[in-house]
Amino acid sequence: MRLFVSEGAPGSLPVLAAARRAQGRAELLISTVGPEECVVPFLTQPKVPVLQLDNGNYLFSTSAICRYFFLLSGWEQDDLTNQWLEWEATELQPALSAALYYLVVQGKKGEDVLGPVRRALTHIDHSLSRRSCPFLAGETESLADIVLWGALYPLLQDPAYLPEELGALHSWFQTVSSQEPCQRAAETVLKQQGVLALRPYLQKQPQPSSLQGRAVSNEPEEEELATLSEEEIAMAVTAWEKGLGNLPPLRPPQNPVLPVAGERNVLITSALPYVNNVPHLGNIIGCVLSADVFARYSRLRQWNTLYLCGTDEYGTATETKAMEEGLTPQEICDKYHAIHADIYRWFNISFDIFGRTTTPQQTKITQDIFQRLFSRGFVLQDTVEQLRCEQCARFLADRFVEGVCPFCGYEEARGDQCDKCGKLINATELKKPQCKVCRSCPVVKSSQHLFLDLPKLEKRLEEWLENTLPGSDWTPNARFIIRSWLRDGLKPRCITRDLKWGTPVPLEGFEDKVFYVWFDATIGYLSITANYTDQWERWWKNPEQVSLYQFMAKDNVPFHGLVFPCSALGAEDNYTLVSHLIATEYLNYEDGKFSKSRGVGVFGDMAQDTGIPADIWRFYLLYIRPEGQDSAFSWTDMLLKNNSELLNNLGNFINRAGMFVSKFFGGYVPEMVLTSDDQRLLAHVTLELQHYHQLLEKVRIRDALRSILTISRHGNQYIQVNEPWKRIKGSEADRQRAGTVTGLAVNIAALLSVMLQPYMPTVSATIQAQLQLPPPACGILLTNFLCTLPAGHLIGTVSPLFQKLENDQIESLRQRFGGGQLEESLELKAKVSSKPAVGETVTATGPQQIQVLMDEVTKQGNIVRELKAQKADKNQVAAEVAKLLDLKKQLALAEGKPLETPKGSGSDFGSVAATGSSST
């Protein structure tokens, strides 16, 4: 056989990806031809891809060629795959051809490109979500996946055209794209040019026919709502009628929480934050908040759940911070551990344990794992060339070296890993290295160190992954990162450092060294549990009975999915290893990155001062949770989501349902006589509730939140159509109908209060208090919609749940967190409170901080001048001048100069700005 493909021809993508099916089954020659070459002798126009069979026949349909390769491999056809292929040819391709033509040939962007194909993308997403399968036709990859992936890849490889709300589509696309045959196909056809590689091909194609008249929507198609069977409706009604009697008894509280044989035991961790950093919103959503949603959901399911976290306290970062603040490392850990705990308490994170790594248990368990690895031959000794800062008189930890990445050229790569390309780096490999503390150029010195022999453990790791990954809920990015590491081959990794603040190495000749934080930080989960209960091994040496879920951002995947499993497998002590590794992408701030030093972005201790309740922060962060691709926090979007989804949708429905009970029925839930339409609504709500469960069981946190809002929309539409406020004034039949609608609506509100509990626990408790929801119904969430507020139930006082966010309020916050302030953490608030009096001289700080402040003064002076030149509003100018004055005070203090009281008032703005610029 001979396969003819062409660079830039979109049909070549799926056939190259499918060609691997023919490997070993038949001899296949792949030839790359020009787009003008006529391969099929009886066709008048050039056509690629083409498969020439051994008997001389030709296949020149993309799906037919792919089908042929799949059939060669022994694949059996099925109806669902055939339906997808028919849909791809008749529905997807016309829409996709138009979108690609608009993008590549006509140069259009945004909704002009996405509009024609949005309906098709939504259809794929909805189908994947409803079936709750990773692939289009089931649990394994099929012909349909390869054909649709090949069609979609040129467009969707640009994240701008993969709507972030389509979570199921995201996961599917990333999973298929990460497979090696697909990666190779993309490299061959697109040649790293992206969609522009298709331009020569598309320019020769006729302009696609207009798609006008086709509905474009990002909502699930209405016909999906009409597919309920009579059996589904009957089952929903039966469950509803059983009511509270259908609830099992609540799980009695345990202290400590320990695994129970025969039950589902869920152990949840969120990545341990560095103690000396105040977490920003991206840190919070990537680790603790995501894990908290799943922990709360697990408890609602009555699973035996333990959720733990803590501060990662060892390492050079802590030593350096202590030096900056004039404290000991232990004092700095105590101070910042309390700051972290306060932030997570305010965000209502429901840890069972929030511990720390500076404990005797950490030393004991880490040293035990090390000694077991050492005695089994998995530890090597070698001389290491390290970077030493002569000015700071210390060897530099990897994270305190910055330079140019030797792989991708990124100029701010750390000494252990490049944040841009993700590759691990030895600090000595960096080009143009700098000490992050003093910015001097470090020198290379030799030191004896210990290494974990990862190559020797690689086979054990691969066997474990082969048993773990199928059927698990590892996120696609986690799978991709680990595959990339294994594809490149594991290398020995240094596990010791020349520091004092860390876990001591229990080996002769290494008494002056400590374990490198990436080796022992993940062991912190074990030691934190050991400080919670002396029966910690029932969780951590019990893989048969415990499911371990670990939450983190993607940069932590190698340590949790590779390094710690290798350490535990090599220790041979039956450790519980991660079953489900849940990794997010990155959350950016507006159109840039969070930066504490530049005052850009909201950090955990600042969110409390905005006047916006913690549950609103939780909701918005979870709504934009970066699943599948990076996302960005936006003040404007936060306002829109609060005012539309919370205030106008969810809050409006729950408030109306409760108010109708209070106003029309004296606070008592009325009798309900269900019609066939009401029964159908019960079934729809039940279906959406089950979808919510399916998503959260797969840790699809953002998508499950959409199910809550969908049910609320159903409720609002139900009230709007039935108009109980009018019917209550009518005949007896109308009044009865008003009662049924009100009773059903308030029960939907009760259900939403429980579904909402993992996401917005305070709002959930408020709704339950207003409705006086019986305690058993508050703590358990079944897969069926039950009548938990029967006729005659007395509710409490109903009041609005949410407040509108105003434009001026949000604009003020945007300016406040857009870089005007240099530092607003708790530590600096403490410093401000102890500032010297006017005219007092203080000791100057280091030149690096002075230079940063001088740069900020210059930048702020320019802002003031530009505003004056534009004749901006006086209040806006005054606000920026106030920032400038504050920066000048900080600069004067840093330089050890006496503070002078500014002369004059608003009329001196010009001279203040000028002074600010000249001082640099």
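Residues numbered from 1 in each chain as written. Predicted model: local features only at pLDDT ≥ 70, side-chain atom pairs only at ≥ 80, totals over all residues. Heavy atoms only, no water.

- Per an unreviewed UniProt entry, the protein chain goes by the name Methionine--tRNA ligase, cytoplasmic and belongs to Equus caballus.
- Per UniProt, the comment on the protein chain under Catalytic activity (unreviewed entry) is "tRNA(Met) + L-methionine + ATP = L-methionyl-tRNA(Met) + AMP + diphosphate".
- Comment text from UniProt for the protein chain, heading Sequence similarities (unreviewed entry), reads "Belongs to the class-I aminoacyl-tRNA synthetase family." (UniProt positions renumbered as here; feature names shortened; annotations may be inferred.)

### Remarks on the sheet that holds strand 10 (residues 401-404)
- If you trace the three strands from one edge of the open sheet to the other, you get 11-10-12, paired in antiparallel fashion. Each edge of the open sheet carries a strand with a single partner, namely strand 11 (413-414) and strand 12 (431-435).
- In this sheet, strand 12 lies alongside strand 10 in antiparallel orientation, the contact comprising three bridges. From the neighbouring strand, Glu-402 faces strand 12, where its bridge partner is Gln-434. (Pairing = 2+ DSSP bridges. Helix = DSSP H or I, 4+ residues; strand = E, 2+ residues; numbered from the N terminus.)

### Considering the confidence of the model for the protein chain
- On average, residues of the protein chain score 85 in pLDDT, and 88% of them reach the 70 mark or higher.
- Here residues 210-224 scores under 50 on pLDDT; set against residues more than four positions off or in separate chains, the count is 22 contacts.
- A low-confidence stretch, residues 821-847 stays under pLDDT 50, and its non-local contacts, those more than four residues away or across chains, total 55 contacts. (pLDDT = per-residue confidence, 0-100. Contact = heavy atoms within 4.5 Å.)

### Section: the packing of aromatic side chains
- Applying the stated rule across the entire model yields 30 aromatic pairs.
- Plain terms: the ring middles of Trp-84 and Trp-87 are 5.5 Å apart, the flat faces sit at 90° to each other, and that makes the pair edge-to-face. Residue Trp-84 and its partner Trp-87 are both found in helix 3 (residues 79-105); the two are separated by three residues, about one turn of the helix.
- Given the relative accessible area of 14%, Trp-87 is considered buried.
- On the numbers, 5.3 Å between centres and 40° between planes, the contact of Phe-515 with Phe-519 is tilted.
- Three or more aromatic residues joined by ring pairs make a cluster, and in this case those are Phe-294, Tyr-297, Trp-303, Tyr-549, Phe-551 and Tyr-692.
- The ring of Tyr-102 carries the charged tip of Lys-108 above its face, separated from the ring centre by 4.8 Å.
- The aromatic ring of Tyr-623 is capped on one face by Arg-706, whose charged end is 3.9 Å from the ring centroid. (Phe/Tyr/Trp six-rings, centres within 6.5 Å; stacked < 30°, edge-to-face > 60°. Buried < 20%, exposed > 50% of the residue type's maximum accessible area, 1.4 Å probe, protein only. Lys NZ or Arg CZ within 6 Å of the ring centre and 35° of its normal.)

### Focus: helix 6 (residues 167-177)
- By the criterion of burial, helix 6 is predominantly enclosed, with eight of the 11 residues buried.
- Residues of helix 6 that are buried include every one of Gly-167, Ala-168, Leu-169, His-170, Trp-172, Phe-173, Val-176 and Ser-177, and no others.

### Some details on the environment of Thr-428
- Looking at the element boundaries, Thr-428 is found in the loop between strand 11 and strand 12.
- Considering only alpha carbons, one finds Thr-428 and Val-443, 15 residues apart in sequence, at a separation of 9.3 Å.

### Some remarks on the nonpolar core
- Counting residues in each nonpolar core, the largest one holds 191 residues, and the members touching the most others are Trp-617, Trp-635, Tyr-692 and Tyr-759.
- If we ignore the near neighbours within four places in the chain, the residues touching Tyr-759 are Val-293, Arg-618, Leu-622, Tyr-692, Leu-696, Ile-701, Ala-704, Leu-705 and Ile-708.
- With 66 residues, the next largest nonpolar core counts Leu-53, Leu-92, Leu-156 and Ala-168 among its residues. (Core = buried A, V, L, I, M, F, W, Y, C linked by side-chain atoms within 4.5 Å.)

### Quick word on the pattern of salt bridges
- This structure, assessed with the given rule, holds 34 salt bridges.
- A salt bridge links Arg-713 to Glu-645; its shortest N-O distance comes to 3.1 Å. Residue Arg-713 is found in helix 24 (residues 701-722), and its partner Glu-645 is found in helix 22 (residues 635-665); the two are separated by 68 residues along the sequence.
- Each of Arg-372, Glu-537, Lys-541 and Asp-573 takes part in a single network of salt bridges with overlapping partners. (Salt bridge = Lys/Arg side-chain N within 4 Å of Asp/Glu carboxyl O.)

### A short note on the sheet that holds strand 14 (residues 493-494)
- Spatially, the four strands line up as an open sheet ordered 9-8-13-14, and their pairing is antiparallel. Each edge of the open sheet carries a strand with a single partner, namely strand 9 (394-395) and strand 14.
- With two bridges joining them, strand 13 (residues 443-452) and strand 14 adopt antiparallel strand pairing. Bridge assignment links Leu-452 to a residue of strand 14, and that residue is Arg-493.

### Describing the environment of Ile-863
- Mapping Ile-863 onto the fold places it in helix 31 (residues 847-869).
- For Ile-863 and Val-881, which are 18 residues apart along the polypeptide, the C-alpha to C-alpha distance reads 9.0 Å.

### So, unusual backbone geometry
- Looking along the chain, the bond that leaves Asn-255 and enters Pro-256 is cis, with omega of 0°.
- Take Pro-256: it is sitting in the loop between helix 9 (230-242) and strand 5 (265-270).
- A positive phi is found at Glu-572, a non-glycine position, where the angle reads about 55°.
- Topologically, Glu-572 is positioned in the loop between helix 19 (557-571) and strand 18 (580-584).

### Things to note about the packing of helix 22 against helix 26 (residues 732-755)
- Close contact between helix 22 and helix 26 brings their axes to 9 Å; oriented N to C, the two are set at 135°. Compared by their axis directions, helix 22 and helix 26 come out oblique. When you trace helix 22 past helix 26, the crossing you get is left-handed. Seen from helix 22, the contacting residues are Leu-650, Phe-653, Ile-654, Ala-657, Gly-658, Phe-660, Val-661 and Phe-665; seen from helix 26, they are Arg-735, Ala-738, Gly-739, Thr-742, Ala-745, Val-746, Ile-748, Ala-749 and Leu-752.
- Of the residues contributing to the contact of helix 22 with helix 26, the split by class is 13 nonpolar, three polar and one charged. (Axes fitted to C-alpha atoms, helices over the stretch in contact; angles between N-to-C directions. Parallel < 35°, antiparallel > 145°, perpendicular 65-115°, else oblique. Left-handed = near helix turned anticlockwise from the far one by under 90°. Nonpolar A, V, L, I, M, F, W, Y, C, P; charged D, E, K, R; others polar.)

### Here we look at helix 13 (residues 360-375)
- The end-to-end C-alpha separation of helix 13 is 22 Å, in line with the 22 Å expected for 16 residues at 1.5 Å each.
- Among the residues of helix 13, those classed as buried are Gln-362, Thr-363, Ile-365, Thr-366, Gln-367, Ile-369, Phe-370, Arg-372 and Leu-373.
- Those residues of helix 13 hidden inside the fold are in contact with strand 8 (379-389), strand 13, strand 16 (514-515), helix 16 (517-520), helix 17 (524-532) and helix 19.
- Where helix 13 terminates, the next one or two residues include Gly-377, which has phi positive at roughly 80°. (Expected span 1.5 Å × (residues − 1).)

### Focus on the pairing of strand 6 (residues 304-311)
- The buried fraction of strand 6 is high, at eight of eight residues.
- On strand 6, burial covers both faces: Asn-304, Leu-306, Leu-308 and Gly-310 on one face and Thr-305, Tyr-307, Cys-309 and Thr-311 on the other are all buried.
- Here strand 5 runs beside strand 6; their pairing, made up of five bridges, is parallel. Its bridge partner being in strand 6, Leu-267 is matched across the sheet by Leu-306.
- Two elements, strand 6 and strand 7 (residues 353-356), share four bridges in a ladder whose sense is parallel. Within the sheet, the bridge partner assigned to Leu-308 lies in strand 7 and is Ile-353.

### Points about the pairing of strand 17 (residues 546-553)
- Burial runs high along strand 17: seven of the eight residues are buried.
- Relative to strand 17, strand 5 runs parallel, the two being bridged by six bridges. Across the sheet, residue Val-266 finds its bridge partner in strand 17, namely Ser-547.
- In terms of strand pairing, strand 17 meets strand 18 through five bridges, oriented parallel. Bridge pairing in strand 18 links Met-552 to Ala-583.
- A crossover connection joins strand 17 to the parallel strand 18 through helix 19; in handedness this β-α-β unit is right-handed. (Right-handed = clockwise from strand over helix to strand, strands pointing away.)

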